[in-house]
Every structure is written in structure tokens, then in C-alpha cells.
Amino acid sequence: MAVTLPRPHAPAAPVQAAPEYGALPAYRGFISWLTTVDHKRIGILYGSTAFAFFLLGGLEALMIRIQLATPDGKFVSPDAFNQLFTMHGTTMIFLFVMPMSVAFFNYIVPLQIGAPDVAFPRLNAFSYWTFLFGAIFMNMSYFVDGMPDGGWFGYAPLTTIRFSPSHRIDFWMLGLQILGVASLAGAFNFLVTIINMRAPGMSLMRMPVFTWNTLITSFLLVFAFPAITVALILLMFDRFFGTNFYYAPNGGDPLLWQHLFWIFGHPEVYILILPAMGMVSEILPVFSKKPLFGYPFVVYATVAIGFIGFGVWAHHMFTTGLGPIVNSFFAASTMLIAVPTGVKIFNWMGTMYGGAIRFTTPMLFAIGFVSMFTIGGLTGVMHAIVPVDMQHQDSYFVVAHFHYVLFGGAFFGIMGGIFFWWSKFTGKLLSEKLGKWCFWLVFSGFNLTFGPMHFLGVDGMPRRIYTYGENQGWSGWFGLHWLGWNMVVSIGAFIIMAGMLVFIYAAIRSLLGPKNAENDPWDGATLEWSLPSPPPVYNFAVPPVVRSRDAFWAWKRRPQAVEAGENVATLQVAGHTVGHAEFEEEHPS
Amino acid sequence: MAQERNAYYANPSSFHMPNPSFFPIIAAFGLTCLAAGMIFGYALSVAGFIYLVVAIGGWAMESTS
């Protein structure tokens with residue numbers, strides 16, 4: 001016997017009988033959203049806010065690309081350009097990818113572990129509102145002094161009061177502090193929730209991989225944010241109270257900022273990518289009809305990335321002259337962290353190998369993630385080689401590299417997650433046809449945008465450059481001064497925009513349409529698919545008892561169900577159709 | 001313990017979910033005002049601090065049932 005779970009379609013299930021909001025007072029409409037402590041509603045708030053900021057960050061990117069499409073561009077002023085690239089980076093990292101990941105943590109994790117809510121529901125609401133107010137506060141800068149303009153990693157001494165006397169950096173610095181409070185509140189909440197509130201029988205090694213990635217990401221947040229908090233407080237003292245922590249002539253050390261920032265900043269990269277890895281690790285098995293290949297290796301690789309992620313920060317600083325011993329250490333640790341990442345890539349491929357693959361939209365995004373993230377990972381590990389890094393430092397090659405990781409990786413994973421769980425969030429289906437249009441437009445636009453940046457980078461084009469001349473070799477194909485890789489890159493950016501417009505159209509059409517989604521449209525493996533879509537406020541009317549991984553799959557394929565013909569779906573393992581006994585072998589109780 | 005839990009789940013209408021609350025949003029607003037006062041004037045920081053303290057106090061004493 002594998003699992004005892006409430007039956008998904010049982011007509012007499014207590015789910016139907018319960019009042020929608022249990023014992024909750026009946027706030028209605030707008031007020032109910034301001035006061036909600038329901039993890040699912042907070043997830044929706046997080047997700048929709050993050051998507052709004054994605055549109056803002058995307059608009060900033062398009063303006064950057066219009067400016068750089070042709071030589072001697074004058075679409076924006078140099079000052080505005082500095083503001084655009086600073087806020088594009090800051091917005092996409094802190095106001096889109098992080099909160100969008102937290103949206104999934106909120107909605108999905110309690111459902112996957114069989115919990116009624118998160119451990120601290122009001123702290124969860126506090127986390128969202130703090131994020132929202134911090135994000136609005138940071139962007140208010142535009143109406144006061146112009147947007148922040150010190151780059152997303154805000155290197156000192158540029159950001160000190162001597163070189164940035166306006167309030168722009170103040171908004172950035174204080175806004176990040178507020179966002180840090182939101183992130184920490186969320187991280188502690190998920191740590192306690194995952195450690196304490198798992199369903200009976202759900203041992204750590206039976207936990208869904210997305211939940212594992214949430215756990216590790218939360219640890220990373222808790223240990224990484226103190227470093228940037230310290231860095232920002234020192235900067236605040238320098239800017240407001242006349243101290244000299246980062247001012248070398250008075251005994252300060254600008255490199256202190258770089259160290260503190262990147263001790264945070266590199267784990268931050270994993271904070272951005274691990275949730276997407278978790279989503280992909282849920283999507284690939286479902287659409288390959290096979291359990292995740294080498295589940296323990298995926299888990300241990302995630303844990304290893306969490307640890308090693310704190311030991312690689314100075315590879316961002318090879319050009320500062322740290323000396324051969326330090327450079328060698330960080331070169332070695334950077335090569336080392338590629339190992340668990342590579343392990344995961346092989347696991348994902350192993351999951352698909354021999355599977356009964358369905359090329360749905362979430363699956364396309366997941367495969368897009370694996371392939372594009374691999375390219376980003378390879379160009380990343382190239383920079384473990386110090387001389388190579390010194391050549392590429394601050395060039396468009398690096399811009400290409402981290403967009404393959406964060407767009408080809410994190411963004412593709414998130415889009416896969418949105419298409420995968422959309423029906424669970426809304427009770428409605430997203431059009432597969434439009435989804436595939438969205439994927440192919442975004443995928444081709446992405447490669448057109450960020451692929452040629454590699455070439456521009458090795459041809460010497462520096463990142464953050466405002467404009468360039470006709471004769472610098474970055475344009476001038478066929479004797480046309482405006483035609484070159486930069487034009488191709490800008491056209492690619494607009495193709496991405498077209499893909500996202502298709503997604504927005506599909507989303508609006510779905511939201512205005514009828515509730516037509518089944519509870520389990522994909523033959524899902526984990527517990528959230530056993531619930532109605534969207535789930536009731538209390539989630540589980542009967543607490544699930546878990547005796548294996550992929551608990552809902554095991555329940556659907558239990559011997560009684562198979563004999564009664566309740567669920568004829570079978571698992572494909574390495575190309576062979578298997579029944580329950582083999583499944584149990586894969587997932588010992 | 002197991003019996004209690006089973007009895008609890010046998011009657012979903014008795015589910016106790018946490019109450020909605022205004023205090024998280026007030027606390028978040030207070031925290032933001034506290035920081036914003038560094039730019040817009042310390043009076044705003046003081047107001048933000050008061051908001052924050054009131055919200056935390058209310059949060060702590062709010063009935064959860």
C-alpha cells in the first residue's frame with residue numbers, strides 16, 4: 001500500500017461541505033485582499049506584482065536596446081541610460097525573479113507538503129506588503145531625483161555621497177534594505193513551514209523537489225542577506241553621517257563593498273536559479289511520465305550548490321588584483337560548483353531519456369531551460385579561468401553569459417511553472433496553442449538577443465556603454481552603418497516582447513473564460529494535484545498520509561485503483577510500461 | 001493526538017484558519033515610512049516608527065480565533 005489520500009473526484013468528500021472560508025470573518029472584495037493571510041492569495045499577490053515589475057523591467061530593457069541598435073544613438077541621454085540599466089537589473093532581480101519565485105513558494109509548497117497554510121500566515125502577509133512598499137519606494141525615486149544610476153551592484157565609491165550626491169542612491173540603498181526585510185520574513189517562514197508542517201510520512205527524502213529547492217533557497221536567503229545588509233548600513237553611514245567606510249583617502253576601503261556585496265551576490269544567483277530548477281524538476285517527470293531520474297543526486301546536488309555557493313564570490317573580483325593564491329582558490333571553487341550543477345543537467349536528461357514525452361508548453365519551457373541554462377553554465381565556468389575572466393570582465397560577453405543563466409534559466413523555468421500550475425491557481429486552462437506561440441517567439445527572440453552578445457563581447461564591446469561609433473566594428477555589415485549584431489540584438493528583444501504579448505493575451509483570455517480545468521489535467525505526481533482547482537482555503541479536508549515520493553502518482557496507481565480500472569495511466573520507466581509493483585521498487589515505502 | 005486530529009478533520013466546518021489582519025500591512029507601511037524619513041525628513045521616520053510599534057503591539061495582542 002503506497003499512500004492514503006483523499007480521492008480527487010469523490011462526490012461525498014468533505015471538501016464540498018465545508019464553508020469556503022471556514023471560521024474567517026467575511027471581509028469582501030478589496031479589503032479581503034488587504035487583510036488576507038491565506039498563502040494562496042498572498043501567492044497570487046506576489047505573482048501579479050512581480051509580473052507588473054517584469055513589464056517595467058522589460059520596458060527599460062527595450063529602451064536600452066533602442067538606444068544601442070545603431071551607432072551614435074540618441075534615443076535617451078547618457079544620464080537616462082545609466083538609470084535605465086541600473087533599474088533594469090535591480091528590477092528584474094529584486095522585483096521580478098525573486099518575488100515571482102516566492103509567489104510559487106507561497107502557493108505551491110504548503111500544497112505539496114500537505115499543510116493547511118504556512119507556519120506564520122501574518123508574517124507571510126507582512127513579507128508581501130513590505131516587498132510591495134519597498135518596491136514602490138525604490139521606484140518613487142523617479143519622481144524625486146531621477147532613478148538610481150549606480151549599477152545594480154552599486155559599487156563604492158561611485159555610490160558614496162562624493163560621487164553620487166543626489167537622492168537616487170538613497171532610494172536604491174534604503175529600498176534594498178526594505179526588500180531584504182521582506183525576503184528574510186519569507187525565508188524564515190518557509191524554513192519553519194517545510195521543517196515542521198510536512199504531512200505525516202513525508203520524510204525529507206520523500207519531499208517534492210520543488211519543496212527541496214524552496215528549503216535550500218530559504219537557507220541561502222537567511223545566510224546571504226546579512227552580508228548585503230551590513231554593506232548597505234555602512235553605505236548609509238557613509239552617505240548620511242559622514243563616515244568613511246568606503247572612501248580610501250580617509251582610510252576606507254572600496255573593495256570592502258565588493259566583498260560584502262558579492263558574498264551576498266553570488267548566493268543570490270542561486271537564490272534566483274534554484275526555484276526555477278525546482279519547477280523544472282517537477283515538470284520534466286510529469287511530461288516524461290517517469291519519476292525524476294536520480295532523485296537523491298538532485299537533492300544532494302542542490303544542497304552542495306547551497307554550500308559551495310558561499311565560497312565562490314571573489315570570481316566577480318579577479319580584476320581587482322587579489323593575488324595568485326586568492327585567485328587560485330576562487331578559480332578552483334568556481335570549477336567545483338559546476339559539478340553539482342552538471343549532475344542536475346544529466347539527471348534532467350536521464351529523466352527524459354526513454355520517457356513518454358508530451359511536448360506541452362510547460363515541457364517546452366522546461367527543455368528550453370535545460371538547454372539554455374547549460375550554455376549559460378558553460379560560459380560561466382569559462383570565467384573560472386582567471387585570464388579568460390580578465391579578458392571578458394565588464395564586456396558584453398558577460399552580459400550574454402548571465403542572461404543565458406537568468407533569462408534562459410530562471411525566466412524559462414518560471415514561465416514553465418506558470419503554464420504548469422496555471423490551472424491550479426485559477427481553475428482555468430491556458431491555451432496550449434497560444435502557449436506554444438509564446439514559447440517559440442520568446443525562445444527565438446531570446447537567442448537572437450543574447451547569442452550575438454557573445455560575439456560583441458569578444459569584439460570588445462563593454463557592458464553599460466552608452467553608445468558607440470560607426471568604425472568600432474560592432475556594426476557596418478554590407479557597408480550599412482546601422483546594420484550589425486547590435487541591430488540583430490535589438491530586433492531579438494522586440495521578438496521577446498511579441499512572445500510576452502501573446503502570453504498576456506492568453507492569460508487575459510483564460511481569466512475571462514469559464515472555469516474549465518480539471519483538478520489534475522497533466523496527471524501530476526505531487527499532492528497539489530489531488531486538490532480542487534483552485535484549492536479550498538483550508539487545502540486538505542483530510543490530512544494526506546505519505547508513504548513514498550511522488551505521492552499522488554503512487555496513490556493513483558495503487559493496486560486497487562489499477563484493478564478497478566480507475567486510472568489506466570501507467571508509468572514509463574526507461575521505455576517500459578510498468579505497474580504499481582515496479583513503481584514501489586523505485587519508491588520504497 | 002491522532003484521535004484529536006481525526007476528529008478535527010472529520011468536521012471541516014470546524015477548521016480553524018488564521019483570521020485576516022490589518023496589522024501586517026500597517027507594520028509594512030510603518031517600516032517603509034521609517035526608512036523613507038531618511039530622505040523626506042525625520043518626522044516621517046518618527047511617524048513610521050509609531051506605526052510600526054502600534055502594528056507590532058496590535059499584532060501581538062490580536063485574537064487569532
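Rules used throughout
- Residues numbered from 1 in each chain as written.
- Chains lettered and ligands numbered in written order.
- Predicted model: local features only at pLDDT ≥ 70, side-chain atom pairs only at ≥ 80, totals over all residues.
- Helix = DSSP H or I, 4+ residues; strand = E, 2+ residues; numbered from the N terminus.
- Buried ≥ 20, exposed ≤ 12 C-beta atoms within 10 Å, placed from the backbone.
- Contact = placed C-beta atoms within 7 Å.
- Rg over C-alpha atoms; globule rule 2.2 N^0.38 Å.
- Domains from an automatic or database assignment.
- Axes fitted to C-alpha atoms, helices over the stretch in contact; angles between N-to-C directions.
- Parallel < 35°, antiparallel > 145°, perpendicular 65-115°, else oblique.
- Left-handed = near helix turned anticlockwise from the far one by under 90°.
- Nonpolar A, V, L, I, M, F, W, Y, C, P; charged D, E, K, R; others polar.
- Expected span 1.5 Å × (residues − 1).
- pLDDT = per-residue confidence, 0-100.

Student: Which residues make up the overall build of chain B, and what values go with them?
Tutor: The helix and strand inventory of chain B stands at 3 helices and 0 strands. The helix and strand sequence of chain B, counted from the amino end, reads α-α-α. Looking at chain B residue by residue over its 65 residues, the buried ones come to 29%. For chain B, the proportion of contacts with a sequence separation of at least 24, taken over those separated by at least 6, is 39%.

Student: With reference to specific residues and values, describe the overall build of chain A.
Tutor: When its secondary structure is counted, chain A shows 18 helices and 2 strands. In terms of overall dimensions, chain A is globule-like: its C-alpha atoms have a radius of gyration of 24 Å, near the 25 Å expected for 589 residues. With the C-alpha coordinates aligned to their principal axes, the bounding extent of chain A is approximately 75 × 55 × 50 Å. Burial status across chain A gives 54% buried among its 589 residues. Pairs at least 24 residues apart make up 82% of the contacts formed inside chain A by residues separated by at least 6 positions.

Student: Run through the domain arrangement of chain A, naming residues and quoting values.
Tutor: By a widespread convention, an interface's size corresponds to the accessible area lost as its parts come together. Domains assigned within chain A are domain 1 (1-18 + 545-589) and domain 2 (33-540). Domain 1 of chain A and domain 2 of chain A are separated by 35 Å when their C-alpha centres are compared.

Student: Tell me about the environment of Ala156(A), residues and numbers included.
Tutor: All names here are of chain A. Within the element layout of this structure, Ala 156 appears in the loop between helix H5 (121-144) and helix H6 (168-196). For Ala 156 and Ile 491, which are 335 residues apart along the polypeptide, the C-alpha to C-alpha distance reads 35 Å. Residue contacts for Ala 156: discarding those within four places in its chain leaves Leu 235, Tyr 246, Pro 254 and Trp 257.

Student: Any chance you could break down the environment of Phe307(A) for me, citing the residues and the numbers?
Tutor: Examined against the element boundaries, Phe307(A) turns out to sit in helix H9 (residues 295-308). When the C-alpha atoms of Phe307(A) and Thr426(A) are compared, they prove to be 37 Å apart, with 119 residues separating the residues in sequence.

Student: Run through the environment of Phe373(A), naming residues and quoting values.
Tutor: Among the secondary structure elements, Phe373(A) is positioned in helix H11 (residues 361-382). Taking C-alpha positions, Phe373(A) is 9.0 Å from Ile345(A), a pair spaced 28 residues apart along the chain.

Student: Talk me through the packing of helix H4 (residues 78-112) of chain A against H6(A); I want residue IDs and the actual numbers.
Tutor: Residues and elements named next belong to chain A. Packing of H4 against H6 brings their axes to within 11 Å, and their N-to-C directions diverge by 20 degrees. Compared by their axis directions, H4 and H6 come out roughly parallel. For the element pair H4 and H6, the recorded crossing hand is left-handed. Packed against H4, whose contacting residues are Thr 90, Phe 94, Met 98, Val 102, Phe 105, Val 109 and Pro 110, the element H6 presents Trp 172, Leu 176, Leu 179, Ser 183, Gly 186, Phe 190, Thr 193 and Ile 194 at the interface. Class assignment for the residues of the contact of H4 with H6 results in 11 nonpolar, 4 polar and no charged.

Student: An account of H9(A) is requested, with residue identities and associated values reported.
Tutor: Residues and elements named next belong to chain A. Across its 14 residues, H9 extends 20 Å between first and last C-alpha, which sits within 8% of the 20 Å expected from 1.5 Å per residue. By the burial criterion, the buried members of H9 are Tyr 295, Val 298, Val 299, Ala 301, Thr 302, Ile 305, Gly 306 and Ile 308. In this structure, the buried side of H9 is in contact with helix H7 (209-241), helix H8 (254-288) and helix H10 (324-352).

Student: I'd like a description of the packing of helix H2 (residues 23-40) of chain B against helix H3 (residues 42-61) of chain B, backed by residues and values.
Tutor: Residue and element names in this part refer to chain B. Orientation of H2 relative to H3, taken along the N-to-C sense of each, is 160 degrees, at an axis distance of 7 Å. Classified by the interaxial angle, the pair formed by H2 and H3 is roughly antiparallel. In this structure, the crossing between H2 and H3 has a hand that is left-handed.

Student: Could you give an account of the confidence of the model for chain B, naming the residues involved and the relevant values?
Tutor: The predicted model of chain B averages 83 in pLDDT, with 72% of residues at 70 or higher. The complex prediction reports pTM at 0.90, with the ipTM value standing at 0.87.

Student: Lay out unusual backbone geometry with the relevant residues and their values.
Tutor: Glycine aside, the phi torsion of most residues is negative, and most peptide linkages are trans. Residue and element names in this part refer to chain A. In the segment running from Ala 156 into Pro 157, the intervening peptide bond is cis, with an omega of 5 degrees. Of note, Pro 157 is situated in the loop between H5 and H6. For the peptide bond that leads from Ser 533 to Pro 534, omega is -15 degrees, which places it in the cis range. By the secondary structure assignment, Pro 534 is in the loop between helix H15 (485-512) and helix H16 (551-556). Its identity as a non-glycine residue notwithstanding, Arg 464 has a phi of 70 degrees, on the positive side. One can find Arg 464 in the loop between helix H14 (432-458) and H15.

Student: Break down the confidence of the model for chain A for me, with residues and values.
Tutor: The predicted structure's coordinates, where accompanied by low pLDDT, should not be read in detail. The pLDDT averaged across chain A works out to 90; a share of 90% of its residues lies at or above 70. Every residue in residues 567-589 of chain A scores below 50 in pLDDT, and together they form 43 contacts with partners more than four places removed in sequence or on other chains.

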